[in-house]
Amino acid sequence: MSALVSDFKQNFIENARWEYLTNGLKTTLLVTVGAVLLGFILGFLVAIVRSTHDRTGRMKILNFLCKIYLTVIRGTPMVVQLMIMYFVIFGSVVFFGSVELSKYIVAILAFGINSGAYVAEIVRSGIMAVDSGQIEAGRSLGFSYRQTMRLIVLPQAFKAVLPALANEFIVLLKETSVAGYIGIVDLTKGGDIIRSQTYSAFMPLLAVAFIYLVMVMILSHLVQRLERRLAKSDRH
Amino acid sequence: MIDIKDLVMTFSGVTVLDHISETINKGEKIVIVGPSGSGKSTFLRCLNMLERPTSGQILFEGKDLTKAKEEELDKIRMKMGMVFQNFNLFPHMTVRQNITIAPKRLGLLTKEEADAKAEELLEIVGLPDKIDSYPSTLSGGQKQRIAIARALAVDPDVMLFDEPTSALDPEMVGEVLQLMKKLADDGMTMVVVTHEMSFAKEVASRVLFVADGNILEQAPPKEFFENPKNPRLKDFLSKIL
Ligand SMILES: Nc1ncnc2c1ncn2[C@@H]1O[C@H](COP(=O)(O)OP(=O)(O)O)[C@@H](O)[C@H]1O
Ligand SMILES: [Mg+2]
């Protein structure tokens, strides 16, 4: 017992090492939220292009580019995309004169672009699930295709895929654990730094796992509540 | 009001409408009957360009729709209300929103005017107390009456009905037909695809028999039903009457 206590003290209390975890957690959340926002925007745009092409045959070139994007992003590992983004694409670019800030921006870009590919297919399935009679009704009232999408199709698609989108947030939260590859000290890297200083792996790594698990459980619970709320509002 | 000239519609090689020419005058109530799969819906959907004809012309109030730009078509569709077999109400909106969204978003009416219009239309269709309900809480007949109100909210010059009572339980057919009759009595130009022969007899100024992508016969209802000439029509009538 006393061994555990001293282990705990050494890993988290001494030299205020717990700050590696709290600061790391902040970074993890920052990168995740930034990436989710970017991913949603990208995902919706790509989904609109793809479903417009599927339904009307227009936007051929854009649709082709979107397909390349989806294939490349979904066909390569996240870590590799992150490293290419950091070392190759933005290899010599420093944003706002700060190397630290640059890392965050690159991470948000890489994770966001990755997430966008998955969001796109979620949203596209939601759009295609909206009955084509809804589009005809919108068009027959005098709405343009665009207005029909914005006012009639997208709100219904969004509601249908909201739980899946919330799940994407959970997925991304865990995916960002590879941010350490470009020198970002996120939650995972924070725990790993403690391990390298104290030479004990058990406490820091289990603490890291525990924090992820608690966050995922809370978020999953919220998603379930959201699903129930939506199911209710469908019936009214 | 609507001039159809040599209308042809083919879907991947299959000819669904085969050189149809017809004129629909202001105030007329055209009822279209015919076997299923004969192209009635396609014909209706060509009138407001939901479906682009393969060839031929549709002239609406003198303007050739087959040559109109998309933006022009959006404006013209406003003048041609459409009512669907499956209602196609917007499920994420209340009845009020269903009715007001088009006049509001198309810049025809202010929010207050649109609300007043919705209340007025709901009186006409007999559902004033449903204004804040969602479509999912309504019966089929009520849904279709709301769908008619929604189409009327943009003041169309002509109303197209595609089997408006076919998806309804029998006891709800009457309320919808009654409303359509009221519209007809008020002078609305109407093109109605239906299997309700009583409606055709009572309301139609002309009945068209469509089969094999053509108008095989047309006449005022009395003659159409009492003295059919085309053998296909005779056969059709003997099956449904
Ligand atoms: N979008 C379409 N693509 C391919 N075929 C179609 C399409 N719309 C209708 N058709 C075909 O055209 C024919 C006529 O259909 P429709 O106009 O719906 O007939 P009706 O309304 O008289 O029952 C049917 O054989 C149908 O399968
Ligand atoms: Mg039909």
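To be clear, the structure that these remarks concern was listed above.
Summarised in this report is the structure supplied together with it. What you see is a predicted model; the values in this text were computed from it and never measured.

All names here are of chain B. Taken together, the neighbourhood of ligand 1 is formed by Phe11, Val16, Pro35, Ser36, Gly37, Ser38, Gly39, Lys40, Ser41 and Thr42. The separation between an oxygen atom of ligand 1 and a polar main-chain atom of Ser38 is 3.2 Å. The protein chains hide 56% of the 560 Å² of surface that ligand 1 would expose on its own.

Moving on, we get to helix α9 (residues 231–240) of chain B. Residue and element names in this part refer to chain B. Three or more residues of α9 are buried, namely Leu233, Phe236 and Leu237. Along the long axis of α9, the arc covered by the buried residues comes to 95 degrees, so they all point the same way. Opposite the packed face of α9, turned more than 90 degrees from it, sit the exposed residues Pro231, Ser238 and Lys239. Check the buried side of α9 and you find it contacts β3 (29–33), α7 (197–203), β9 (206–211), β10 (214–219) and α8 (221–226).

With that out of the way, let us pick up the interface of chain A and chain B. It is common to give the size of an interface as the accessible area lost on bringing the parts into contact. Of the residues lining the interface, 21 residues belong to chain A; the matching set on chain B comes to 26 residues. When chain A packs against chain B, the two sides together hide about 1,900 Å² of surface, and 60% of this comes from carbon and sulfur. The tally of links from chain A across to chain B stands at three salt bridges. One salt bridge in this structure joins Asp74 of chain B and Arg139 of chain A, with 3.2 Å as the shortest N-O distance. Secondary structure elements with two or more residues in the side of chain A that touches chain B: α6 (132–140), α7 (145–175) and α9 (202–235) of chain A. At seven residues, the largest contribution of residues to the side of chain A that touches chain B is made by α6 of chain A. Here the side of chain A that touches chain B is composed, by residue class, of six nonpolar, nine polar and six charged.

Rules behind the numbers
- Residues numbered from 1 in each chain as written.
- Chains lettered and ligands numbered in written order.
- Predicted model: local features only at pLDDT ≥ 70, side-chain atom pairs only at ≥ 80, totals over all residues.
- Heavy atoms only, no water.
- Near = heavy atom within 4 Å.
- Polar contact = N/O pair within 3.5 Å; in protein donor to acceptor, adjacent residues only side chain to side chain.
- Areas by Shrake-Rupley, 256 points an atom, 1.4 Å probe, with all protein chains shown as cover.
- Buried < 20%, exposed > 50% of the residue type's maximum accessible area, 1.4 Å probe, protein only.
- Helix = DSSP H or I, 4+ residues; strand = E, 2+ residues; numbered from the N terminus.
- Arc of directions from axis to C-beta.
- Contact = heavy atoms within 4.5 Å.
- Buried area = accessible area lost by both parts, 1.4 Å probe.
- Salt bridge = Lys/Arg side-chain N within 4 Å of Asp/Glu carboxyl O.
- Nonpolar A, V, L, I, M, F, W, Y, C, P; charged D, E, K, R; others polar.

None of this, on its own, says anything about what the molecule does.
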